[in-house]
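# A closer look at the structure
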Amino acid sequence: MNKYTITCLIIFILLGPFLFPNATITEMLIFGIVAISTNIMLGYTGMLSFGQALFFGTSAYISGLILLAGFPIFLAIPIATLGSFLISLFVGYFCVKREGLYFICLTFAFNQMFYFIAYVWTEVTGGEDGLVGITRPEFIDTQFSFYVFISILFLTSLYLMYKIITSPLGLIFKLIRENPSRAEAIGYNVRFFKLVSFSIASTFTGLAGSLYVLIHSMVPIDQIHWLKSGDIIFMTLFGGVGNFLGPLIGVVGYIWLSDTFSIIWARWPLIMGVIFAIIVLYFRGGVSELLENLVKKCQFYFKKNKDEKYIKN
Amino acid sequence: MTFLILSQILNGLGLGMLYALVGVGLTLILGVLNIPNFAHGVLYALGAYFAYSIAKMTGSFYFAIFLSPLLVVLVGFLLESQGVRRLYQAHHDYQLLFLFACALIIQEIIIIIWGPIGFSLLPPPSLSGALDLGILIYPKYRLVLICFAFFMIICLYLFLTKTNLGAILRAGIENRDMVKVLGINVNIVFLYTFGLGAYLAGLAGALSAPIMGLTPSMGLDILPICFVVVVIAGLGSIPGAIVAGILIGLSQGAATIWFPEATNVVIYLMMGLTIIFRPQGLFGVR
Amino acid sequence: MFKIILSKSKNKFICFISSIFIMLMPNLVWADTVNILGLFPFSGPYADSGKLLDEGAQIALEEVGYEINGKKIKYITRDSETKAGPAARRAQEAIDTEGVNFIVGPWSSGVALAVTEVAKKNKVMYYFSGGTEDISGKKCHKYAFMWAANAWTAMDADLKIFKKANPDAKKIYLFVVDYAFGWTLQKYVESLAPKYGLEVVGVDRHPLGHREYSTFITKAMSKNPDAVYMINFGLDAISAVRQLNNFGFTPKKPVVMSWSSGFEELIQLDPAARENLIVGSNYYYTIDNPDNKKFVEAYKKRHNGVPPGYAPAAGYGLMKMTLLGMQKSKSVEPQKVITALEEHKGKNFVGEYEIRGRNHQTVRPFFVLQTKKQKDMKDQYDMAEVVDVSSTEQPKNINMCSDIGKF
């Protein structure tokens, strides 16, 4: 991340509430955390999971229940995040034993099982109706204060994740993605590090989930459904798995496009599907790759002009 | 009580045969092309929708069952040649996601063409109604379905074991590179395999329509079950897919008796346990 | 690239101003209009209903020429996707950027429970029609109203009129969709059945979206009931009815579809599978009064003579009630409109109704139909006739709305 990207990020966060309604921009930031953390697994370590909604949803439920019981938010968020962490160790332990299609199927299977529990355990989760009646704590009850709160947590999470990715641990993740047998040969316990990657991704996703509860003061059951896991993967890929902030672009793009298209055409999922297919076929780097190419072309064009002017003189 | 258990066995068998057909199709594609076909569900749905339209236009159910899987094969060819082919060298994940995107697109196209409301497709009068088997009364159509699906599977088995193309397909599952080395045009093999998988999915969809009706989301609904079948069977095993399909059908039937709310989740539990404790599946080849 | 563009302060200024302007543009338009949101499922599993709900709402708006109390009505729609998360977000967006003060829809109760929270938080009026009793029950609040008949009222009507049509029936077997609303209806059926001389001999719960009923049917048939009483909806109900017919249960014995959308579900069945069904619904197009005839005509004009089912009728009813409140209060402020509606009595296309101020439930008729044999059908849409209606109100002590609260 260079100075330009950090500047753009800051500008986005400052301009955000003016570009989008409060509910939308906060949701974008929260899913931004989810997508960027999922990318630690997907882009950096090369693990495609269809189970991220499990952690997002479970953490949201835990956070919601703690708030409903009357405890402060400063207890709810850490406990829910810790809960995500512990569950990720359990789920991850089984999932990382396998890779590729099996890994996908395992994460999917766990997601389905947690969804089922959420669906059936209505006394706790509200079942299909979701968990409602949660109140936002007073200090973040205005649009402005809520946004500031979410942005601070957003930037903090991003900072932490960035530090992890740029540390030697991040390099190990990349190595595992590029060449797992070589990593094993050098002496790294690939399974262990995959579990670490899985846990980090899931814990931050859980953190985001614990915040989601506050947007609409409820936890709808669709946040733990496997299609939500699919959405998360789509957002991550759409933005670009090749760089750190790419997934955030994907989240903003996806939410904005889905809200815009849904007003225009009832068959808008078709458009999203086509975009998805095109990205997978031609633009594996996602939108961020497109933007990077655009920037390079612009720089080249301006540099050419500058050079020409220099030569003329 | 015997009435109940017998009916459940038949119910499970009926469902199981459908699952077996889609499962075999999926495992063929997975085995030969090594691609997880996330569009398998919509091919199943298209089979049902084509059958509905053909039956409506021609008035013949039998003709619909005959023609509709062939149309699905054409769709399969289109998908394979235009999309999947470009992704042979790509990572597993991208193939999967491309097919998933195609599934979403085709589902929306189904809604555009046929509308979002579900339909019924009736079995013809010759297959309607129930048969009195003495110990129990059971719908004629389901009995015929079990026999017909079984017959198709026997045909498939003969095709795979007795014909040259079948041998090539089986070889492709076991060792794709060797097949290339032997000079066989792998692209054609892949195309036909995908087509065959699509055929089985489309056939299963068409056959399921009189029982379960048609709805645009039927593709997305059956997709997880296809993968459960394949994983429990063991990737690349065709007899495994048949056994696994029937097993899953029977488990759902059993769950309905004793724990009806869990009919859906019981299969995911089975899949999870298989992956953890017997990762190669019941009949795994690799 | 930003460095290059933003290096010229002129460009910076233009970018900034234009982006603000573009985003704020919608806000500049809602100066003096009444803004109503139709939040309907245009995509997702209930996409068929979304379009129909919207049309019903439009017909109601056309009747008043999109004008009320001297103001123009701005009616916008958003896709609920049948997902509570995006639906709540879009509702909130509509309130924030389009100045929406009145919401109608969606279709699914799960989403409705999310939207009612948004309505309460933002103090906008919300009218819902659908399968949950919580809007006028546990989750009641001053801003939300329920149009569909109360669940207890519906089950009471079904059992009462079923018994009337089948006086010799004694044993019923229940199929129940496995979620909160299904359990609620089951509870009411089990408590009301003895009152009508009926006994529940078995219950089977199935997951929502279940299509394979063979196992349940064989279980049911082994108990030899006089009827299968179904508490499920949409494709679940249709699949079950179809399969009950395959197994030979109907037409010999009746099947009750206790909470049905009526027309939309019956049209998906072929005439043979449709025989001997008792269908309880919040609406059927043959309702005989001038208001309904007008609505049916307006709908038929848009649809090549196809009569309306429950979905468009619900959209129509919700919008009519919202407009009625505005007319009666001569205001477009949610609180005044709500006050005008409480304890209002009237007559409209479903018949005589009353809005109970205590829980904001519309006490209104629930219709029980009997399907016709194929040979008795006058045309392809003449699928059933209304046997009777009932609007018996749910006893106060069972209703879970203990305190509707204040504004």
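Residues numbered from 1 in each chain as written. Chains lettered and ligands numbered in written order. Predicted model: local features only at pLDDT ≥ 70, side-chain atom pairs only at ≥ 80, totals over all residues. Heavy atoms only, no water.

## Thoughts on the overall build of chain B
Helix and strand counts for chain B come out as 11 helices and two strands. Reading the secondary structure of chain B in the N-to-C direction produces α-α-α-α-β-β-α-α-α-α-α-α-α. The C-alpha radius of gyration of chain B comes to 19 Å, within 12% of the 19 Å expected for a compact globule of 286 residues. Dimensions along the principal axes, computed over C-alpha positions, put chain B at roughly 60 × 45 × 35 Å. Relative to its 286 residues, chain B shows a buried fraction of 63%. Long-range contacts, defined as pairs at least 24 residues apart, comprise 78% of the intrachain contacts of chain B with a sequence gap of at least 6. (Helix = DSSP H or I, 4+ residues; strand = E, 2+ residues; numbered from the N terminus. Rg over C-alpha atoms; globule rule 2.2 N^0.38 Å. Buried < 20%, exposed > 50% of the residue type's maximum accessible area, 1.4 Å probe, protein only. Contact = heavy atoms within 4.5 Å.)

## Some words on the nonpolar core
Of all hydrophobic cores here, the largest spans 356 residues; its most connected members are C:I103, C:Y127, C:M230 and C:Y283. With 16 residues, helix α8 (residues 186-212) of chain B is the largest single contributor of residues to this core. Both domains that furnish three or more residues to this core are identified here as domain 1 (32-149 + 283-364) and domain 2 (151-281 + 365-396) of chain C. Once you skip the residues sitting within four places of it in the chain, C:Y127 turns out to touch C:I103, C:V104, C:G105, C:F145, C:M146, C:W147, C:L318, C:M321, C:T322, C:L341, C:I355 and C:T362. Counting six residues, the second largest nonpolar core, distinct from the first, contains A:I172, A:L175, A:I176 and A:V190. (Core = buried A, V, L, I, M, F, W, Y, C linked by side-chain atoms within 4.5 Å. Domains from an automatic or database assignment.)

## Details of the pattern of salt bridges
Tallied over the entire structure, the rule returns 29 salt bridges over all chains. Residue C:D382 is joined to C:K372 by a salt bridge in which the shortest nitrogen-to-oxygen separation is 2.9 Å. Within this pair, whereas C:D382 is found in the loop between β15 (366-371) and β16 (384-390), its partner C:K372 is found in the loop between β15 and β16, the two being separated by 10 residues in sequence. We classify C:D382 as buried; its relative accessible area is 6%. Each member of the salt-bridge network shares a partner with another, and the members are A:E27, A:D259, C:E81, C:K83, C:R89 and C:R90. (Salt bridge = Lys/Arg side-chain N within 4 Å of Asp/Glu carboxyl O.)

## Section: the interface of chain B and chain A
The partner chain A presents 33 residues to the 36 residues of chain B that form the contact. Both faces considered, chain B and chain A share a buried interface measuring about 3400 Å² in area, 84% of it formed by carbon and sulfur atoms. At the junction of chain B with chain A, the criterion picks out one salt bridge. As a salt-bridge pair, A:R267 and B:E108 come within 2.7 Å of each other at their nearest N and O atoms. Contributions of two or more residues to the side of chain B that touches chain A are made by α4 (92-114), α9 (218-233) and α11 (265-277) of chain B. (Buried area = accessible area lost by both parts, 1.4 Å probe.)

## Focus on the side chain of C:E93
By the element assignment, C:E93 lies in helix α4 (residues 84-98). Despite being buried, C:E93 has no salt bridge partner; C:R89 is the closest side chain of opposite charge, sitting 4.2 Å away. Here the side chain of C:E93 touches A:T24 through a polar contact of 2.3 Å, side chain to side chain. Not counting residues within four places of it along the chain, the set of residues in contact with C:E93 comprises A:P21, A:T24, A:D259 and C:E98. (Lys, Arg positive; Asp, Glu negative; His and termini not counted. Polar contact = N/O pair within 3.5 Å; in protein donor to acceptor, adjacent residues only side chain to side chain.)

## Here's the deal with the interface of chain C and chain A
Listed by partner, the interface residues are 40 residues for chain C and 42 residues for chain A. Between chain C and chain A, roughly 3300 Å² of surface is buried when both sides are summed, and carbon and sulfur atoms account for 62% of that area. Scanning the region where chain C abuts chain A turns up three salt bridges. Its salt-bridge partner being A:E27, residue C:R89 comes within 2.6 Å of it at the nearest N-O pair. Summed over the shared surface of chain C and chain A, the number is 11 residue pairs in polar contact (both at pLDDT 80 or more). Of all elements in the fold, only α1 (2-7), α2 (9-29), β3 (71-79), α4, α5 (109-122) and α7 (180-192) of chain C reach the threshold of two or more residues within the side of chain C that touches chain A.

## A word on the side chain of C:S43
In this structure, C:S43 sits in the loop between β1 (33-40) and α3 (47-63). Polar contacts involving the side chain of C:S43 include one to the side chain of C:D79, which spans 2.8 Å. Leaving out residues up to four positions away in the same chain, C:S43 has contacts with A:A266, A:R267, A:W268, A:P269, C:D79, C:E81 and C:T82.

## So, the domain arrangement of chain C
All names here are of chain C. You can read the domains of chain C as domain 1 (32-149 + 283-364) and domain 2 (151-281 + 365-396). Its C-alpha centre places domain 1 at a distance of 27 Å from the equivalent point of domain 2. If you look at the interface, domain 1 gives 28 residues, while domain 2 gives 25 residues. Carbon and sulfur atoms supply 57% of the area buried between domain 1 and domain 2, which totals about 2200 Å² over both sides. At the surface where domain 1 touches domain 2, the tally comes to two salt bridges. One salt bridge in this structure joins E393 and R356, with 2.7 Å as the shortest N-O distance. When residues of the side of domain 1 that touches domain 2 are traced back to their parent elements, those giving at least two are α12 (310-329) and β13 (351-356).

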